[in-house]
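Observations on the three-dimensional arrangement
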Amino acid sequence: MNDRITIDPQVCHGKPVIKGTRVPVVLVLGSLAGGMTYDEIEQNYDVTRDDILAALRFAEDVIEQGEYFPLTV
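Throughout what follows, the structure given in this document is the object of discussion.

Rules and cut-offs
Residues numbered from 1 in each chain as written. Predicted model: local features only at pLDDT ≥ 70, side-chain atom pairs only at ≥ 80, totals over all residues. Heavy atoms only, no water. Salt bridge = Lys/Arg side-chain N within 4 Å of Asp/Glu carboxyl O. Axes fitted to C-alpha atoms, helices over the stretch in contact; angles between N-to-C directions. Helix = DSSP H or I, 4+ residues; strand = E, 2+ residues; numbered from the N terminus. Parallel < 35°, antiparallel > 145°, perpendicular 65-115°, else oblique. Left-handed = near helix turned anticlockwise from the far one by under 90°. Contact = heavy atoms within 4.5 Å. Nonpolar A, V, L, I, M, F, W, Y, C, P; charged D, E, K, R; others polar.

What follows deals with the pattern of salt bridges. Taken as a whole and judged by the stated rule, the model has four salt bridges. Across the pair E42 and R49 runs a salt bridge, and its minimum N-O distance is 3.4 Å. Connected through salt bridges with shared partners, the residues R4, D50 and D51 form a single ionic network.

So, on to the packing of helix α1 (residues 25-33) against helix α2 (residues 38-45). Helix packing for two helices is described by the angle between their axes and how far apart those axes are. Running from amino to carboxyl end, α1 crosses α2 at an angle of 140°, the nearest separation of the two axes being 10 Å. As summarised for this structure, α1 and α2 are arranged oblique, according to the angle between their axes. Crossing handedness for the pair α1 and α2: right-handed. The segment α1 lies against α2, with L27, V28, S31 and L32 engaging Y38, I41 and Y45. Residues of the contact of α1 with α2, tallied by class, amount to six nonpolar, one polar and no charged.

Here it is as structure tokens:
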């Protein structure tokens, strides 16, 4: 985990959030995926560009640590 993301069972049910906020990492990622700009996310959720980049790095780390199997149809 990096210094801008925190996981606390008492905050947002233990979901990863931007440190010092109640803004879940998944909200930041979903906003980017939905087409919001960095500036829009910064303004709407009161986070910084570095916070957004930390959320992306966190997601990268989680994906990198996972194990994946092909889907069968």
